[in-house]
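Each chain, written out:
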Amino acid sequence: MAESWDPKTRDVVKKIPFLTETAGPRDKQKWQDRLKQELHALITYIKMNKDSDMDWFTIQPNADGTHWKGKCWYVHELIKYEFDFQFDIPATYPDTAPEIEIPELDGKTAKMYRGGKICLTIHFKPLWSKNSPHFGVAHALCLGLAPWLAAEVPFMVETGVIKPKV
């Protein structure tokens, strides 16, 4: 699968730290260790994006790290389209990838499930399964949400489904 990525994506993914802790939210102490690794990987990814002027999201977890929310944006034809996103960490995490939701886009594209959950089934979930438990939130954003936005935002703009916010 990695062979099919463009060289830029491959380079970015290589720089996001892999996680070593296998705990999910049900294992309280080890989950805290995993959460530290998650935050380290996210900080690394955000810094890489900012350093290359490719900043495209903000994110923040709740106190126990089981619910995450933020804003993501995509620039299409020099117009910025911004969306709120969120996800919960599944009880079986990291074996199960989080399901990223963009509620305001619910029903606006075929590549979305009820509740605004973006479709990651075909491309991302097999990749997650192969790389679990080493992938984390940063990987889900880089290899799940980012390509989804790149594919779907231009399509929704061109079909008139979404308009720029004034």
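Structure's up top.
All of the points below concern the structure found in this document. Since the structure is predicted, the reported quantities are computational estimates derived from the model, not experimental observations.

## Section: the packing of helix H3 (residues 124–131) against helix H4 (residues 137–158)
Right, so step 1: The geometry of H3 relative to H4 is characterised by a closest axis approach of 10 Å and an angle of 150° between their N-to-C directions. In terms of axis orientation, H3 runs roughly antiparallel to H4. In the crossing of H3 with H4, the sense of the turn from one axis to the other is right-handed. Contacts between H3 and H4 pair Phe124, Leu127 and Trp128 from the former with His139, Ala140, Leu143 and Gly144 from the latter.

## So, the nonpolar core
Right, so step 1: Grouped together as the largest cluster of nonpolar side chains are 45 residues, with contacts concentrated most on Phe85, Ile102, Leu141 and Leu145.
Right, so step 2: At the level of secondary structure, the elements contributing two or more residues to this core comprise helix H2 (28–51), strand E1 (57–61), strand E2 (67–76), strand E3 (79–88), H3 and H4.
Right, so step 3: Counting residues per element, this core draws most heavily on H4, which supplies twelve residues.
Right, so step 4: Not counting residues within four places of it along the chain, the set of residues in contact with leucine 141 comprises Leu42, Tyr45, Trp56, Phe57, Ile59, Phe85, Ile100, Ala146 and Pro147.

## Here's the deal with H4
Right, so step 1: Taking 1.5 Å per residue as the helical rise, H4 with its 22 residues ought to reach 32 Å, and the 30 Å between its terminal C-alpha atoms agrees with that figure.
Right, so step 2: Along H4, the helix axis deviates most sharply at leucine 149, where the bend reaches about 25°.
Right, so step 3: For H4, a buried count of 16 out of 22 residues is recorded, marking the element as mostly surrounded by other parts of the structure.
Right, so step 4: Positive phi shows up at glycine 160, right after H4, with a value of about 80°.

## Some details on the pattern of salt bridges
Right, so step 1: Evaluation of the coordinates by the stated rule reveals nine salt bridges.
Right, so step 2: A salt bridge links arginine 34 to glutamate 38; the nearest nitrogen and oxygen atoms lie 3.0 Å apart. A residue pair is termed a helical-turn pair when its members lie 3 or 4 positions apart in one helix, as arginine 34 and glutamate 38 do in helix H2 at four residues. The residues arginine 34 and glutamate 38 share a single accessibility class, namely buried.
Right, so step 3: Linking lysine 80 and glutamate 82 is a salt bridge whose minimum nitrogen-to-oxygen distance equals 3.8 Å.
Right, so step 4: Taking the relative accessible area as the measure of exposure, lysine 80 reaches 45% and is therefore partly exposed.
Right, so step 5: Given the relative accessible area of 29%, glutamate 82 is considered partly exposed.
Right, so step 6: What emerges from the salt-bridge pattern is a single network uniting Glu99, Lys117 and Lys125.

Rules used throughout
- Residues numbered from 1 in each chain as written.
- Predicted model: local features only at pLDDT ≥ 70, side-chain atom pairs only at ≥ 80, totals over all residues.
- Heavy atoms only, no water.
- Axes fitted to C-alpha atoms, helices over the stretch in contact; angles between N-to-C directions.
- Helix = DSSP H or I, 4+ residues; strand = E, 2+ residues; numbered from the N terminus.
- Parallel < 35°, antiparallel > 145°, perpendicular 65-115°, else oblique.
- Left-handed = near helix turned anticlockwise from the far one by under 90°.
- Contact = heavy atoms within 4.5 Å.
- Core = buried A, V, L, I, M, F, W, Y, C linked by side-chain atoms within 4.5 Å.
- Buried < 20%, exposed > 50% of the residue type's maximum accessible area, 1.4 Å probe, protein only.
- Expected span 1.5 Å × (residues − 1).
- Bend = angle between axes of the 7 residues up to and from the residue.
- Salt bridge = Lys/Arg side-chain N within 4 Å of Asp/Glu carboxyl O.

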